[in-house]
Amino acid sequence: AQRVTQPEKLLSVFKGAPVELKCNYSYSGSPELFWYVQYSRQRLQLLLRHISRESIKGFTADLNKGETSFHLKKPFAQEEDSAMYYCALHVKAGNEKLTFGTGTRLTIIP
Amino acid sequence: GAVVSQHPSWVICKSGTSVKIECRSLDFQATTMFWYRQFPKQSLMLMATSNEGSKATYEQGVEKDKFLINHASLTLSTLTVTSAHPEDSSFYICSALRDRYEQYFGPGTRLTVT
């Protein structure tokens with residue numbers, strides 16, 4: 001069965017410092033991975049997906065199949081990055097569903 | 001952009017009654033919608049996949065007779081919590097699948113059963 005692990009429940013980083021949110025996955029098939037973000041009092045929204053290989057709001061994430069990881073990185077944290085971040089794995093098993101990690105709450109310290 | 005709404009955003013009901021939550025995709029059609037449950041300070045837990053015109057697919061451990069899902073049109077899915085009990089109190093979130101992978105989430109519905 002597929003699984004997504006985010007080992008850090010809470011992460012605090014000073015403004016301007018680099019950020020790395022860890023995500024590891026377990027899946028026997030070819031993975032499709034995503035990062036979702038939930039800002040305070042807002043709905044969950046897609047931040048980025050690995051197939052796009054894009055940078056959104058300064059964040060990037062590289063899929064490392066050898067390490068089964070999809071860590072989210074940003075070189076210089078900003079206060080508006082404070083939010084809840086979820087790593088998600090797309091599984092096609094009859095239905096197109098997402099398996100979410102437990103999430104990491106990122107707090108940027110001014 | 002793709003917008004998904006939920007109604008109501010907040011509901012209180014008495015134990016034993018039923019509550020219906022609506023999920024609508026406002027500017028796109030969605031043959032597939034998903035219902036999640038989120039406990040305080042925890043991740044989203046998929047409850048079921050709602051497919052337009054067919055029966056929903058429930059995740060293991062989710063009672064289909066308790067959580068009735070109807071996906072009657074390409075823009076509307078409903079979740080009915082039947083005979084609600086206090087342990088059903090939670091935050092219920094829906095999402096709609098627009099592209100092959102991309103889910104757009106609703107703002108959630110907070111259910112409190114007294």
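The structure this text deals with has already been given above.
Residues numbered from 1 in each chain as written. Chains lettered and ligands numbered in written order. Predicted model: local features only at pLDDT ≥ 70, side-chain atom pairs only at ≥ 80, totals over all residues. Heavy atoms only, no water.

S.K.: Please set out the sheet that holds strand S7 (residues 60-61) of chain A residue by residue, giving values where relevant.
M.R.: Residue and element names in this part refer to chain A. The strand order across the open sheet built from 3 strands is S3-S8-S7, with neighbouring strands paired in antiparallel fashion. If you trace the sheet from one side to the other, it starts and ends with strand S3 (19-21) and S7, each paired once. By the bridge criterion, 3 bridges tie S3 to strand S8 (residues 72-74) in an arrangement that is antiparallel. Pairing of Glu-20 across the sheet is with Lys-73, part of S8. (Pairing = 2+ DSSP bridges. Helix = DSSP H or I, 4+ residues; strand = E, 2+ residues; numbered from the N terminus.)

S.K.: Tell me about the sheet that holds strand S7 (residues 67-73) of chain B, and name the residues and values.
M.R.: All names here are of chain B. Read from one edge of the open sheet, 4 strands run S1-S3-S8-S7, paired in antiparallel fashion. Strand pairing shows two members of the sheet lacking a second neighbour, strand S1 (4-7) and S7, which therefore form its edges. Sheet twist, expressed as the average angle between the axes of neighbouring strands with direction ignored, equals 15°. With 5 bridges connecting them, S7 and strand S8 (residues 76-81) associate as antiparallel partners. (Axes fitted to C-alpha atoms, helices over the stretch in contact; angles between N-to-C directions.)

S.K.: Outline the state of the cysteines, listing residues and values.
M.R.: Applying the stated criterion across every chain yields a total of 2 disulfides over all chains. The disulfide partner of A:Cys23 is A:Cys87, and the gap between their sulfur atoms is 2.0 Å. Between A:Cys23 and A:Cys87, the disulfide has an S-S torsion of -65° and is therefore left-handed. Of the two residues, A:Cys23 is situated in the loop between S3 and strand S4 (24-26) and A:Cys87 in strand S9 (residues 83-93); the sequence distance between them amounts to 64 residues. Of the residues examined, A:Cys23 reaches a relative accessible area of 0% and is grouped as buried. Residue A:Cys87 is classed as buried on the basis of its relative accessible area of 0%. Here B:Cys23 is linked by a disulfide to B:Cys94, with a sulfur-sulfur distance of 2.0 Å. Note on the B:Cys23 and B:Cys94 pair: the S-S dihedral is about 80°, so by sign convention the disulfide is right-handed. Of this pair, B:Cys23 sits in strand S3 (residues 19-25) while B:Cys94 sits in strand S9 (residues 90-97), placing them 71 residues apart in sequence. For B:Cys13, which is in no disulfide, the shortest distance to another cysteine sulfur is to B:Cys94 and amounts to 18 Å. (Disulfide = S-S within 2.5 Å. Buried < 20%, exposed > 50% of the residue type's maximum accessible area, 1.4 Å probe, protein only.)

S.K.: Pulling in residues and values, what's your account of the nonpolar core?
M.R.: With 27 residues, the main nonpolar core has B:Phe67 and B:Leu111 as its most contacted residues. For this core, the secondary structure elements donating two or more residues are strand S2 (10-13), S3, strand S4 (32-38), strand S5 (44-51), S7, S8, S9 and strand S11 (109-113) of chain B. Setting aside residues no more than four positions away along its own chain, B:Leu111 makes contact with B:Val11, B:Cys13, B:Val19, B:Val81, B:Asp88, B:Ser89, B:Ser90 and B:Tyr92. A:Val4, A:Tyr25, A:Leu47 and A:Ala77 belong to the second-largest nonpolar core, a separate cluster that totals 25 residues. (Core = buried A, V, L, I, M, F, W, Y, C linked by side-chain atoms within 4.5 Å. Contact = heavy atoms within 4.5 Å.)

S.K.: I'd like a description of the environment of B:Ser90, backed by residues and values.
M.R.: All names here are of chain B. Residue placement: Ser-90 occurs in strand S9. By relative accessible area, which is 5% here, Ser-90 ends up buried. Distance in space between the C-alpha atoms of Ser-90 and Pro-107 is 14 Å, their sequence separation being 17 residues. Residues in contact with Ser-90, not counting those within four places in the same chain, are Arg-37, Gln-38, Phe-39, Thr-109, Arg-110 and Leu-111.

S.K.: Can you explain the interface of chain B and chain A? Please cite residues and give values.
M.R.: With 20 residues of chain B in contact, the opposing surface of chain A contributes 19 residues. Both sides together, the interface formed by chain B and chain A hides about 1700 Å², and carbon and sulfur atoms give 53% of it. On the surface where chain B and chain A come into contact, there are 2 salt bridges. A salt bridge links A:Arg49 to B:Glu102; the nearest nitrogen and oxygen atoms lie 2.0 Å apart. For the interface between chain B and chain A, the tally reads 6 residue pairs in polar contact (both at pLDDT 80 or more). Every element with two or more residues in the side of chain B that touches chain A is listed here: S4, S5 and strand S10 (103-105) of chain B. For the side of chain B that touches chain A, the element with the most residues is S5(B), which contributes 4 residues. Residue classes in the side of chain B that touches chain A are distributed as 9 nonpolar, 8 polar and 3 charged. (Buried area = accessible area lost by both parts, 1.4 Å probe. Salt bridge = Lys/Arg side-chain N within 4 Å of Asp/Glu carboxyl O. Polar contact = N/O pair within 3.5 Å; in protein donor to acceptor, adjacent residues only side chain to side chain. Nonpolar A, V, L, I, M, F, W, Y, C, P; charged D, E, K, R; others polar.)

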